[in-house]
Amino acid sequence: VNTPTVITGTLANPALQFVGAVDNTCIVDGFRVQGGGGRFFANIPYAGNYGGGIMLNQTSPTMRNLHVTGNTVGGSTTLGLGGGIAIYNAQPVFENVRVTGNTGIYGAGVFVHQGSATFTNCEITDNFVTTTNGTYPAKGGGLHVLDATVTLNDCTISGHTQTDEGGGIFAGSFSSTSNLVMNGGLIANNTARVKGAGIAKVGGALTLTDVTISGNTKLPTSTFMIGGGIHATGAAVTLDGLTLLDNQAQVGGGLNLSSCANAMVTDCLLASNDAAFWAGGAQFETSTGLQLTNLTVADNTGAAGGAGLYFTTCVGTVANSILAFNIGAPSIANAIQAQATTLTLTCNDAFGNTAPNYAGVPDPTGSDGNISADPLFCNRPEGDYGIALTSPAAPPQSICGLMGAFTAGCGGTPVEDDPILVPLAFRVEPNFPNSFNPSTTIRFSLPTAGRTTITVYDVAGRLVKTLADENLAAATHSLRWAGDDDRGRPVGAGVYFYRIRSGAHDHVGRMALVK
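Residues numbered from 1 in each chain as written. Predicted model: local features only at pLDDT ≥ 70, side-chain atom pairs only at ≥ 80, totals over all residues. Heavy atoms only, no water.

> What am I meant to see in the sheet that holds strand β6 (residues 48-50) here?
Pairing between the strands of a sheet is mediated by backbone hydrogen bonds and can be parallel or antiparallel. Overall, mixed pairing links the three strands, which are arranged β5-β6-β10 in an open sheet. Either end of the sheet is taken by a strand with one partner, and the two such strands are β5 (39-41) and β10 (80-81). Summarising the sheet, β6 and β10 pair through two bridges and their orientation is parallel. Each bridged residue has a counterpart across the sheet, and for N49 the counterpart in β10 is G80. (Pairing = 2+ DSSP bridges. Helix = DSSP H or I, 4+ residues; strand = E, 2+ residues; numbered from the N terminus.)

> What exactly am I supposed to notice about the pattern of salt bridges here?
On inspection of all chains with the given rule, the structure shows twelve salt bridges. Across the pair D469 and R451 runs a salt bridge whose closest N-O atoms are separated by 3.1 Å. Residue D469 is located in strand β55 (residues 463-472), and its partner R451 is located in strand β54 (residues 450-458); the two are separated by 18 residues in the primary sequence. With a relative accessible area of 42%, D469 lands in the partly exposed category. Here the residues in one salt-bridge network are E382, D384, E429, R443 and R480, joined through shared partners. (Salt bridge = Lys/Arg side-chain N within 4 Å of Asp/Glu carboxyl O. Buried < 20%, exposed > 50% of the residue type's maximum accessible area, 1.4 Å probe, protein only.)

> Teacher, can you tell me more about the sheet that holds strand β52 (residues 427-428) here?
The strand order across the open sheet formed by three strands is β52-β53-β56, and the pairing between neighbours is antiparallel. Lying at the two open borders of the sheet, with one neighbouring strand each, are β52 and β56 (476-481). Sheet topology places strand β53 (residues 440-445) next to β56; six bridges connect them, and they run antiparallel. Looking at β56, one finds that T441 is bridged to R480.

> Which parts of the structure should I look at to understand the state of the cysteines?
Linking two cysteines covalently via their sulfur atoms produces the bond known as a disulfide. Using the criterion set out here, one finds one disulfide in the structure. Residue C347 pairs covalently with C400 via a disulfide, S to S 2.1 Å. Here C347 and C400 share a disulfide; its torsion about the S-S bond, -70 degrees, makes the bridge left-handed. Of the two residues, C347 sits in the loop between β47 (342-346) and β48 (349-351) while C400 sits in the loop between β51 (384-387) and β52, which places them 53 residues apart along the sequence. Here C347 falls in the buried class, since its relative accessible area comes to 11%. (Disulfide = S-S within 2.5 Å.)

Laid out in structure tokens, this is it:
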């Protein structure tokens, strides 16, 4: 909405709240909500000020096209929960809502306790946490979830700094458990002092699909920060199709999972993450039943070693994965380091890492499909970790089928793969890198030939560039967008959307250009 009606609150109340029975049939559309100071509650679940901009207390409207900004809750002596939005025991729906520039302590952007909330195409960005409260350290710069289920569809959570835990998202428990589900979207450029600069998850379930987690880092004051991209403990974890890129911590630069039994991590890229101590790519602790499949773990760094995957007191499987060019001190293995751990290793390619590749487990190279050969990444300097058709990690060279997170085939414009590898289903992989500068690659698979269009739009829905409009074969294709418009002019930094249409298939993805 270009000229929204403005709803302005006071320091003593939320800018917008509801009274009486309100469900999803009540639609609020097209407002700017600003200037609210929240409402004091004694026990939902803490004593504090809730919902600077919007307070939903057992009310569940559908809210669309809102900008919630400039609201503040709490301070040095009072806990503030949900600087922009607070939700208690409700099931609201949010669509195309921006939550920016709000201030709080638990959820400077959004706080959710009990019930469930669904956000679609929302931005929770650049909210501010209060760090002067000596009783309550900041948790969840963008979003704080307690005893609730929150679903995020194609949402961006970015630009939150100075939290203790969960720079982007904190999800934990007060009297029961929380579930966090995220489909698509971006978590970027958040910071935390202790745990989980991108996401910190305690208990419950963490289910992430096709999410990019990028540029989340520790603070200069951190002494032992764990999980730059994601930290989860005691949670049921399913991660599929993630891009974990350029995150930083002292331990577990990309990912840290602790006491997460039966965690499943599949089709994920962990690249260019950094650990000031060890476990640049990922660390797994006291977790049994781990299933790690089709990972690409590349160009991560660990100052003390263990730059790739680091396991402590775990039982699990690592299969069909590429572990390449991870750099760390040679005192700890830089593909897979294991301590008091039992791993089944099948069909992995460990190459180009600072030696040794393996420690704490027998080196499996030469058995069970494990190899050590250059995976032939498409364009490693520009962050394209797809593999060439001739890669030893791609069939038919690989006797194990595909290794790594991406289908085989390289190209700067749509190109056809080997007909032997005709995909069985339509699939779009997350663009990579994301965030990006200067360019990003979009890779997709077509099970049938047909007219295909790939277009880029800005956040206002304006067409920026047509990347392809042609008949494409049933194959895996990739193309690169160089951050320009149809006239070849560079576009500004920000969030953009790519749309792929082919026959009955229609997919929209979100990407972020940074400068």
